Amino acid sequence: MDAYTGFAGVYDRFMEDVPYEQWRDIIVKELKQASIRDGLVLDLGCGTGTLTNLLAEAGFDMIGVDGSEEMLMEAREKGEDSEILYLCQDMREFELYGTVRAVVSTCDTMNYLLTREDFIQTVRLVNNYLDPGGLFIFDMNTIYKFRELMGNRTIAESGEEAAFIWDNFFDEETGRNEYDLTLFIAREDGLFERRIEVHEEQGYTLEEVKGFLAAGGMEFVRVFDAETGEEPDDTSEKVFFIAREKGKKREEA
């Protein structure tokens, strides 16, 4: 089964501890430092639109792109009174009607790009659809997190609406982490329907990501620990990258 199909309807239930507001604050701070306080912003891999809505509330005109129609259905329902534009597109091939001031991507969406070629292609597209000097802000899970905190471990959680068993398998040689997700989703008749999804994420070193940004035509700005805001170290679990559009000429004031 494709990723984020059966999971879509209960995704928010199991993501209640995700620090979306903290990520919103980090992103808004970085945008303001670049004199981006409004205008079009793309949320790439927007999922059910939680962060997309938070950024819209912060004053940005949001576009959400995700490859799962089921996740976007949840997003549209969540923001039915908003003017957010949601597009169902593969992030490696996304198309917009014009440029945007910034692109953001959270929840380790960029780790789902499993090859160097896919990563660079996505960066090229981001660079193409950014205004001159626009920012690309994205987070990533680190190899340390995959190896030490997730790999070869099982996570389980249950609730009235759903339960899941999440088996993790990390391949040290390839840097690939596989999630085998078994879902038990409550039906109207009181029984639970069993669904299975397989997710894969790729771990990359900081230097590899910097190289991908350069190969995709972007300017690397900085990387920092998502929790501390400081320079990443060997035990950083999630990091934020900031990159800048490169190649377009800015209009003279």
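For the structure, check the block above.
I will try to describe carefully the structure that is included in this document.

Turning our attention to the side chain of Asp66. Here Asp66 shows up in strand β2 (residues 61-66). Despite its burial, Asp66 pairs with no opposite charge; the closest candidate is Arg76, at 9.7 Å N-O. Looking at Asp66, its side chain comes within polar contact range of the main-chain nitrogen of Ser68, at 2.9 Å. Apart from residues no more than four positions distant in its own chain, Asp66 is found in contact with Gly45, Cys46, Gly47, Met71, Leu72, Leu87, Cys88 and Gln89.

A few words on the environment of Ile165. Within the secondary structure layout, Ile165 lies in strand β7 (residues 162-171). Spatially, the C-alpha atoms of Ile165 and Tyr20 are 23 Å apart, while their sequence positions differ by 145 residues. Other than its neighbours up to four places away in sequence, Ile165 contacts Thr154, Ile155, Ala156, Asp180, Leu181, Thr182 and Phe184.

This next bit is on the sheet that holds strand β9 (residues 192-202). Pairing within the open sheet is antiparallel, and its four strands lie in the order β6-β7-β8-β9. Single-partner strands in this sheet number two, and they are β6 (154-158) and β9. Going across the sheet, the axis of each strand differs from the next one's by a mean of 15°, ignoring polarity. Alignment of β7 against strand β8 (residues 176-186), held across 10 bridges, turns out to be antiparallel. By the bridge assignment, Asn168 is partnered in β8 with Tyr179.

So, how was this worked out
Residue positions are counted from 1 within each chain, in the order its sequence is given. This being a predicted model, a pLDDT of at least 70 is required before a residue's local features are given, and a value of 80 or more before pairs of side-chain atoms are given or counted; all residues contribute to the totals for chains, interfaces and linings. As a rule here, side-chain values cover all heavy atoms of the structure and leave hydrogens and water aside. Put simply, DSSP H or I for four residues or longer makes a helix, DSSP E for two residues or longer makes a strand, and each gets a number counted from the N terminus. The classification of residues rests on relative accessible area computed with a 1.4 Å probe and restricted to protein chains. Under 20% of the type maximum is buried, over 50% is exposed, and intermediate values are partly exposed. Positive charges come from Lys and Arg alone, negative charges from Asp and Glu alone, with His and the N- and C-terminal ends not counted. What counts as a salt bridge is simple: a side-chain nitrogen of Lys or Arg found within 4 Å of a carboxyl oxygen of Asp or Glu. N or O atoms within 3.5 Å of each other form a polar contact, as long as, within protein, one can give a hydrogen and the other can take it, and as long as residues adjacent in sequence are counted only when both atoms are side-chain atoms. In this description, contact between two residues means that some pair of their heavy atoms is separated by no more than 4.5 Å. The criterion for strand pairing is that DSSP finds at least two bridges linking the strands in question. Every axis in this analysis is a line fitted to C-alpha atoms, fitted for helices over the stretch in contact. Angles between the N-to-C directions lie between 0 and 180 degrees.

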